[in-house]
Every structure is written in structure tokens, then in C-alpha cells.
Amino acid sequence: MTRYVFITGGVVSSLGKGIAAAALGALLQARGYRVRLRKFDPYLNVDPGTMSPYQHGEVFVTEDGAETDLDLGHYERFTGVATSRADSWSAGKIYWRVITRERRGDYLGATVQVIPHVTDAIKEAMREEVGDADIVLCEIGGTVGDIESLPFLEAIRQFGLEMPAGHVAYVHVTLVPWIPSAGELKTKPTQHSVRELRAIGIQPDVLLCRCDRPIPDAARRKIALQCSVREDAVIPALDCRTIYEVPLTYHEVGLDHAVLRALGLPAEEAPDLARWHEVVHRILKPETRVKIAIVGKYTNLADSYKSLQEALIHGGIANNTRVEIEWVDAEAFAGEVPDERLQEVHAVLVPGGFGERGVEGKLAAVTYAREKGLPFLGICFGMQLACIEVARHLAGLEGASSTEFGACEHPVVGLLTEWEKGGELVRRTGADDLGGTMRLGAYPCVIAPGSLAERIYGTRLIHERHRHRYEVNVNYRPLLERAGLRFSGMSPDGRLPEIVELTTHPWFIGVQFHPEFKSRPFDPHPLFAAFVRAALEQSRLV
Ligand code: GLN
């Protein structure tokens, strides 16, 4: 029978609960268990697709096209297991289900209530589509004590009662702060947070205590006693040098051991952590360094490009190189030639984005990389802008633009109105809702023989994840190709441009999809590995 681990958070947010959950997943996997990770978020948005990246960080996209919380990115990167729509739940999505059922009359005249109807829907979401997983890890977003989290906590309390003994473990992530004026670590916030959990009826089995320094045994004993948790299940969780060191560090302090014991599973044999040692070694002891500029709009909040940042680190792992990211705010140099900021870098990346703000700066960055022969990678919006740049400056179409910014003389990028998904035609108009209506998830792409893309991927058919409403207008293909832009990847029906590359440039490529979502530390994405390699070659030239 499938076992469950519930991960809650206390005291404050941003304790790295998502990474802790992902790392625990990786540790259980390294012991031979099939794991599945799932996120439950208490906010009312149906999904984070409509939330600003400033508010919520990156929107992670799954193979089956769900727009999800960025923690799902951590889950995939740490376990290599692809997530799906069934692994991302918000209160909004749960309520939507309950209200749809109520409208259909499914509740047969009952008064629909948080308990049992909402809590039942939450438990149902925890149970469905878990496949052949031995252990399902469910992370509950938010902090214990929030009003919004209550239905989720109530649901996991009930869940524990409904399962056979030893099939559910509760892990609570808390903070043990250092108070400089007292020169002491304080256990009180942890005690209060656990008291709050126990008031709801949940007794944690394991406490993962985030702390900026070692926790003395006396403090651990105090936490254990006050919180009624076994002493060896009070796990000190210190900061790591890289997030990929977290599985190793948490294993050393006994996290997986404590969880397995709570689940009644054997924990004596050591897990095989060789791949994590290798990844960490390559990150901490790189042979070389490269500097890559990311020219974007949300550059002051690295969380908005989480997967991208990680994929670049993975590209570095593939090349034994440390990738230093130079965040360049596109708006800061709109209208100017961006040479000062870009002079020091070995490659330029223009990532995904929405809306007109910062576009001129991003276009200037494309021009710079193109003219200087710097390796260039354009992702989604970045690819669309690369096409506009080439249209304007190499194909003589001065009025080239995207209809995303309003009507224009040459709509080189236009609204996507029709495409095929799994043999069926999807249709959209400009009047559709904004939520969940983009071209989302994995689609096939056919790569042209003899192209840079073919050399990078080493294959002619790939599947990559998408998240966009606009597309490069295939009617401009002949004109752009004459200007030197090769359409080296297309949708199988030949209608949607997926990859473009500049034949007159050493390494200039734009992709309509988001390769960053599929990169793993132990399996770096070929496009990022090749991009970092190109940057490395560039660094040797200067
Ligand atoms: N704004 C563009 C579109 O909707 C690009 C989206 C993106 O970069 N993810 O097509």
C-alpha cells in the first residue's frame, strides 16, 4: 500500500520547504523507493498561471500542460520524475471541483461544507493518480497558523486516521533563530508552531529545524521534550553551499532515517548517493568560469527565472564550469546600445516574458549578440524577439513587431489561433479568458537535418514544454530565411516554427519552447550544455 509523507511549515515562510521535500524525495528514491511529490497551496487562484512572477516566482509547466508552483520544478530536478496536473493543487482548484459538483447536484441536497466536502476533495486529490509510487510526499504550502491552511491541515489529520498505522508520516519544517543580543538559539518559535499543529490534532513525527548554525544537543533535547518528538527525529537543517548538497547534508543528519522509521520501513542500509556527490563536486570545484547575461524584465527577483537559473547551473555541470549570471534589466537600457553591461559577458540569453515593457532593450541585446558573434539563446519570447530583430535589421522590415504589443505593419509574431494537440484542433481568439488558455505543455518538434539544433540534440524528433499565446508567423519564413534565419525546428504539420538559428553566426539559436523545465542536475539539458560550451569557447577567444 502507498505510504504518505506530509510536509508542513511553521514559524515563517521561505524556509526552503520545497527543496526539503524534494531532497527527501531524492533520498527515499536513492533507497530504492518509487516516489511522487505533490504540492497543495492554500491560495484561491485556480493555478499560479495568472499570478505575477513578482508575487509568486516562476510558473512551472508540466508535460501535460499544467501551470504550477515552482516547487514542482524542484521535485522534478531532484527526482527526475516528471510531474503532472495531478501534482499541483490550490485551494481554488479544490473549491472549483467542489462547486462544480454542487452545481451538478452531486451532493444530493446536503449543505456543502468545508468539513467534510472540501476536506474530502483534498484527500481525494492526495490519492488520485499516484501511479505505482511507494511513497507520496505531499507538501502543504503556507505556514501553520494561517487561516487558509486550515482545511489542508484538517485533511491531512483525517488522512492519517484513515490509513493503517505506520503508513503516514508528518514532517514539520521550522526555524530555530539565533538571537544575537542574547547570543542564543531560540527554540520557542518551534515549540509554538508544534503546539499549533497539535491543537489541530497533528503530532509531527519529524522536525526539520532550519538554523544558521549547529544546534547544540541540549537545545535538541529541549525541542524533543517540549514537542513530544523523538530526539533523533529532531533534525538540524543548516544552510548548504548549493541546493544540490541538501540531500547529502540531510541524509547525514538523519532525515531519511527518521522518516523511514516513522513509516515502519527498514532504514539500516545506506542509500546510494553517488550521483549527488558527483553533482556537488562539479558545482563546488569547477575548472573554469563563464559569464552569461540574462536580459529580462523580472531580473530583480531571481525566483521568476528559477528553472532557467538551475538549467544554466546544469549546463555548467556538463562542462565543469561555473556559470556566473549577469542579470541585466532590459528596461534599464531601452533605447540605448547596451554595450557597457554586456561587454564582460561570454553569452547572452533572452528568456521568456510577456508584454511590451523592456522589449526595446531586449531587442538591443539581440542586436549586440548578433553583431558581436556572441553565443545567443532566445527562449520563447526571446525567440520571438530574435525573429523581430532579424526581420527589422537583416530583412529590411522596419515595421516588424508582435501583435502582442498592438497592430503593426509586419506581424512577424502573431496571436496563435489554431494548433493541434493529441490529434485534435485547439482554437483560440483574442477574447478568451487569460487563465490556462495558452499553448501549454509538451509538443513534438521535428528538427532539420544538418542544423545546429540537430547537432545539439543528436536526434530529429524532440518533445519540449510550451507556454505562449503568440507564435512566429510562418508566412514570413521565406523572407527571414533569405535574411539568413534558418527555421530548423517545426511542429510536425510544418505550421508552427519551434527553432530558428542564424546561419551566418557561430551560435545563435531561438526556441519557442522552454527547455529549462526539463533539465536535471544529473542529466543537463543538451541545449544548456551546448550553450554553456559555446560561452566557454567564447571566453577562450577573449
Ligand atoms: N509573450 C509571449 C507569448 O505569449 C511569450 C511567452 C513566453 O515567453 N513564455 O507568446
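Residues numbered from 1 in each chain as written. Predicted model: local features only at pLDDT ≥ 70, side-chain atom pairs only at ≥ 80, totals over all residues. Heavy atoms only, no water.

Turning to the overall build of the protein chain, a few remarks are in order. Check the secondary structure of the protein chain and you find 18 helices and 25 strands. The C-alpha radius of gyration of the protein chain comes to 25 Å, within 12% of the 24 Å expected for a compact globule of 542 residues. Summarising its shape, the C-alpha atoms of the protein chain cover approximately 75 × 60 × 45 Å along the three principal directions. The buried share of the protein chain, taken over its 542 residues, is 58%. Nonlocal contacts in the protein chain, meaning residues at least 24 apart in sequence, comprise 72% of its contacts between residues at least 6 apart. Carbon and sulfur atoms form 49% of the exposed surface of the protein chain, whose accessible area is close to 22100 Å². (Helix = DSSP H or I, 4+ residues; strand = E, 2+ residues; numbered from the N terminus. Rg over C-alpha atoms; globule rule 2.2 N^0.38 Å. Buried < 20%, exposed > 50% of the residue type's maximum accessible area, 1.4 Å probe, protein only. Contact = heavy atoms within 4.5 Å. Areas by Shrake-Rupley, 256 points an atom, 1.4 Å probe, with all protein chains shown as cover.)

We now examine the site of the ligand. Inspection of the region around the ligand gives G352, G353, F354, C380, F381, Q384, E404, R467, H468, R469, Y470 and H514 as its neighbouring residues. Q384 has a polar side-chain atom sitting 3.1 Å from an oxygen atom of the ligand. At a separation of 2.7 Å, an oxygen atom of the ligand approaches a polar backbone atom of Y470. For the shell around the ligand, the secondary-structure elements that each account for two or more residues are α15 (381-393) and β21 (461-468). When its residues are assigned to classes, the shell around the ligand shows four nonpolar, five polar and three charged. (Near = heavy atom within 4 Å. Polar contact = N/O pair within 3.5 Å; in protein donor to acceptor, adjacent residues only side chain to side chain. Nonpolar A, V, L, I, M, F, W, Y, C, P; charged D, E, K, R; others polar.)

On to the nonpolar core. Ranked by size, the top nonpolar core spans 61 residues in total, and within it V5 and L137 carry the most contacts. The leading source of residues in this core is helix α1 (residues 17-30), at nine residues. Setting aside anything within four residues of it in sequence, one finds L137 in contact with V5, I7, A21, L24, G25, L28, V35, R36, L37 and R38. Within the second largest apolar cluster, 41 residues are counted, among which are L363, L397, V500 and F508. (Core = buried A, V, L, I, M, F, W, Y, C linked by side-chain atoms within 4.5 Å.)

Turning our attention to the sheet that holds strand β11 (residues 234-238). If you trace the seven strands from one edge of the open sheet to the other, you get β5-β2-β6-β1-β7-β10-β11, paired in parallel fashion. The open sheet has two free edges, formed respectively by β5 (88-90) and β11, since each of these has just one partner strand. Strand after strand, the sheet turns through a mean of 20 degrees between neighbouring axes, direction not considered. By the bridge criterion, three bridges tie strand β2 (residues 35-41) to β5 in an arrangement that is parallel. Within β5, the residue paired with K39 across the bridge is S88. The strands touched by α1 within the sheet are β1 (3-9), β2, β6 (135-140), β7 (168-175) and β10 (206-211), with β6 carrying the most contacts at an inclination of about 175 degrees. (Pairing = 2+ DSSP bridges. Axes fitted to C-alpha atoms, helices over the stretch in contact; angles between N-to-C directions.)

You can see Q538 is positioned in helix α18 (residues 526-541). Among residues more than four places away in sequence, those in contact with Q538 are H346, G373, L374 and P375.

All right, on to the sheet that holds strand β16 (residues 400-402) then. Here we have three strands laid out as an open sheet, ordered β16-β17-β22, and mixed in their pairing. Lying at the two open borders of the sheet, with one neighbouring strand each, are β16 and β22 (470-472). Between one strand axis and the next, the sheet turns through 30 degrees on average, direction left out of account. As paired strands, strand β17 (residues 410-415) and β22 are joined by three bridges and run antiparallel to one another. When the bridges of β22 are listed, V413 appears paired with V472. Lying on the sheet, α15 is in contact with β16, β17 and β22; it crosses β16 at an angle near 160 degrees.

Burial analysis of β7 places seven of its eight residues in the buried class, which makes it a mostly covered element. Across six bridges, the pairing between β1 and β7 is parallel. Bridge pairing in β7 links F6 to Y170. Here β7 pairs with β10 via five bridges, running parallel. Counterpart to T174 in the pairing with β10 is C209.

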